[in-house]
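If you want the building blocks of each chain, they are given just below.
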Amino acid sequence: MSRRTRRRFVLGCQGLWPGRRATGFAGTRRALRRAEVVQVDPLNVVARSHDLVLHSRVVDYRPEYLDALLYRKREFFDYGGCVYIRPMDELPYVRLAMEQVRLSDRWRSYEDEHADLLSRVRGHLRDDGPLAARDFPGVGKTGSFRSTKDTSVALYYLWLTGEAMTYGRRSFERLYALRPAVAPPAYDHVATDAEADVFSAHKASRWAGLFDAPTWAARFHRRIGRQERAKALADLVDSGFLTRVSVEGVREMHYVPTDRLALLEQVEAGGVPRPWRASGPDTTQEAALLSPFDVVLRGPRGLFDFEAVFEAYKPAAKRRWGYYTMPVLYGDDLVARVDPAFDRAGGTLQIRGLWLETDALAREDHFVDALGAGLLRLARFVGADRVDVDSVQPAHMRQRLKYVVRR
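The structure reproduced in this document is the subject of the present report. Not measured: the values here are computed from a predicted model.

Turning our attention to the overall build of the protein chain. Within the protein chain, the secondary structure is distributed over 14 helices and 14 strands. A compact globule built from 407 residues would reach a C-alpha radius of gyration of about 22 Å, and the protein chain, at 23 Å, matches this within 12%. Taken over 407 residues, the protein chain has a buried fraction of 54%. Considering only contacts in the protein chain between residues 6 or more positions apart, those separated by 24 or more positions represent 62%. Accessible surface, the protein chain as shown: approximately 18,700 Å² in total, 48% of it carbon and sulfur. Each charge sign in the protein chain was given a centre, from 64 positive and 53 negative side chains, and these centres are 2 Å apart.

Closest axis-to-axis distance for the helix 5 (residues 91–103)/helix 6 (residues 105–113) pair is 5 Å, and the angle between their directions is 65°. The orientation of helix 5 relative to helix 6 falls into the category roughly perpendicular. Every residue of helix 6 that contacts helix 5 at Val 101, Arg 102 and Leu 103 is listed here: Asp 105, Trp 107, Arg 108 and Glu 111.

A few words now on the layout of surface pockets. Reported here for the second largest pocket is a volume of approximately 620 Å³. Along its surface, the second largest pocket is lined by 24 residues, and Tyr 79, Arg 86, Val 94, Ala 97 and His 221 are the ones closest to its centre. Put simply, the parts of the chain that give the lining of the second largest pocket at least two residues each are strand 3 (84–87), helix 5 and helix 9 (193–208). Looking at the lining of the second largest pocket, its residues break down into 15 nonpolar, 5 polar and 4 charged.

Time to look at the packing of helix 6 against helix 8 (residues 150–160). Where helix 6 meets helix 8, the closest approach of the two axes is 12 Å, and the angle between their N-to-C directions is 130°. By the angle between their directions, the pair helix 6 and helix 8 is classed as oblique. Here helix 6 and helix 8 pass one another in a crossing that is left-handed. For the pair formed by helix 6 and helix 8, the contact residues are Trp 107, Tyr 110 and Glu 111 on the first element and Asp 150, Val 153, Ala 154, Tyr 156, Tyr 157 and Leu 160 on the second. A breakdown of the residues in the contact of helix 6 with helix 8 according to their chemical character gives 7 nonpolar, no polar and 2 charged.

This next bit is on the pattern of salt bridges. Using the criterion set out here, one finds 36 salt bridges in the structure. Its salt-bridge partner being Arg 122, residue Glu 111 comes within 4.0 Å of it at the nearest N-O pair. Taken together, the residues span a long stretch of sequence, with Glu 111 in helix 6 and Arg 122 in helix 7 (residues 115–128) at a distance of 11 residues. The partner of Glu 228 in a salt bridge is Arg 222, with the nearest N and O atoms 2.6 Å apart. Take Arg 222: its relative accessible area is 30%, and that puts it in the partly exposed class.

A cis amide bond links Trp 17 to the next residue, Pro 18, at an omega of 0°. Relative to the helices and strands, Pro 18 is located in the loop between helix 1 (3–13) and helix 2 (24–35). Each neighbour pair has its own omega, and for Gln 393 with Pro 394 the value is 5°, a cis peptide bond. Relative to the elements of secondary structure, Pro 394 occurs in the loop between strand 14 (386–388) and helix 14 (395–405). At Glu 36, a residue that is not glycine, the phi angle is positive and equals roughly 75°. By the secondary structure assignment, Glu 36 is in the loop between helix 2 and strand 1 (38–39). Non-glycine residue Phe 172 carries a positive phi angle of around 75°. Relative to the helices and strands, Phe 172 resides in the loop between strand 5 (164–170) and strand 6 (173–178).

Our next topic: the sheet that holds strand 13 (residues 348–356). Strand order in the open sheet formed by 5 strands is 10-11-12-13-14, with mixed pairing between adjacent strands. Every other strand in the sheet has two partners, leaving strand 10 (288–289) and strand 14 as the edge strands with one partner each. Sheet analysis places strand 11 (residues 326–330) next to strand 12 (residues 333–343), joined by 5 bridges and oriented antiparallel. Counted as the bridge partner of Val 328 is Ala 336 from strand 12. Taken strand by strand, helix 13 (residues 365–382) contacts strand 10, strand 11, strand 12, strand 13 and strand 14, and its axis lies near 145° from that of strand 13.

Within the secondary structure, Met 98 is located in helix 5. Met 98 gets classed as buried once you look at its relative accessible area, which sits at 1%. When near neighbours in sequence (up to four residues on either side) are disregarded, Met 98 contacts Tyr 79, Leu 91, Leu 160, Thr 161 and Gly 162.

As a further point, take the side chain of Arg 21. Tracing the chain through its elements places Arg 21 in the loop between helix 1 and helix 2. The contacts of Arg 21, once residues within four sequence positions are left out, are Gly 12, Gly 15, Arg 34, Arg 57, Pro 275, Trp 276, Arg 277, Ala 278 and Ser 279.

Leu 125, Phe 367, Leu 371, Leu 375, Leu 378 and Val 387 are the most contacted members of the largest nonpolar core, which totals 87 residues. Ranked by residues supplied to this core, first place goes to helix 13 with 10 residues. Once you skip the residues sitting within four places of it in the chain, Phe 367 turns out to touch Tyr 330, Val 335, Ala 336, Leu 356, Leu 361 and Met 397. Core analysis: the second largest hydrophobic core is formed by 25 residues, Phe 9, Leu 264, Trp 276 and Ala 288 among them.

Reading the values: rules and limits
Residues numbered from 1 in each chain as written. Predicted model: local features only at pLDDT ≥ 70, side-chain atom pairs only at ≥ 80, totals over all residues. Heavy atoms only, no water. Helix = DSSP H or I, 4+ residues; strand = E, 2+ residues; numbered from the N terminus. Rg over C-alpha atoms; globule rule 2.2 N^0.38 Å. Buried < 20%, exposed > 50% of the residue type's maximum accessible area, 1.4 Å probe, protein only. Contact = heavy atoms within 4.5 Å. Areas by Shrake-Rupley, 256 points an atom, 1.4 Å probe, with all protein chains shown as cover. Lys, Arg positive; Asp, Glu negative; His and termini not counted. Charge placed at Lys NZ, Arg CZ, Asp CG, Glu CD. Axes fitted to C-alpha atoms, helices over the stretch in contact; angles between N-to-C directions. Parallel < 35°, antiparallel > 145°, perpendicular 65-115°, else oblique. 1 Å grid on protein atoms, 1.4 Å probe; cavity = no way out; pocket = protein on both sides within 12 Å on 5 of 7 lines; lining within 4 Å. Points joined across faces, edges and corners; volume = space filled by probe spheres on them. Nonpolar A, V, L, I, M, F, W, Y, C, P; charged D, E, K, R; others polar. Left-handed = near helix turned anticlockwise from the far one by under 90°. Salt bridge = Lys/Arg side-chain N within 4 Å of Asp/Glu carboxyl O. Pairing = 2+ DSSP bridges. Core = buried A, V, L, I, M, F, W, Y, C linked by side-chain atoms within 4.5 Å.

From the geometry alone we can't say anything about function, so treat these as descriptive.
Here it is, written out as structure tokens:
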């Protein structure tokens, strides 16, 4: 297949190409399943990362849809050092990882040294939960991204090891409860190592959609060496679950789940599979602004000729672009990045910078109109009354954008 087919197919599997096709509450559920994992991040420059991921996939997404799926219906949960939202039916496999955390040298020593503290925190959760970290008195520094207050560390330990789960959020602060208060009984058990390997092999394949061996291994639930990786992929091909495909100009062999092969063939033939047709404007009519933590940015090497770098935690003088740059998806490619910020007091979505991958795009009216439409949708999503593009260069592009975003 062509490299363009590979790009379109990966975007299509993620619900991003040819445009948003999910709608409403049910569409949010499907988009979460289709993405396989959605990363949670505390920064709220424009909106939370997980909300931006779903906004780019669901025509009329609202954050309360996700809250309902997570905290009322309990169809999904969050977990991990890098916090991901996952379907609740994956809990048995994640509980295996939780057990492995508990048995690690670091946390086993912590449990031995803080048995009384942990017992006290468990008791509070049992008798008074759900509770946030601030609801506990404790000793140590508070207010940082990772608090050192003793009771906060104890809560984090209980969450990492699965004794506690996220019950809900209070102004985004996690509310903890003991696991039986959150997990449906049908999913509250621990998978075996063999079951987890099979599950992870399939999930890693669906997550990427179309992938090479290193991409697949990076998404496996444990470290897997080259020989084991090669055998596992060969076994998946022999079983019929995967099919090998080659990509024009790419040395590495790629794989696709066999049940998606017909979709891939339609894309290679220049078509759009019927289930993928956009429910609104496609990405040539309205560019999509992606979260910097979107999983599609971690696809196979060379999927996009685009450097996805997150610079928020770099000193300002060392940033090449901006604080919270969002890649711009136009058509089937990443062609620019914007640095937005939401001035909530002034009701303004400010575009502090725009960087094009190709300067010629600045003179393509169709692209500028699509970018403006994407900025307008983002502004409406976050509740901004206007879009400020005064910092955009060059001037002729800025003038056309001003016209588009005033509609």
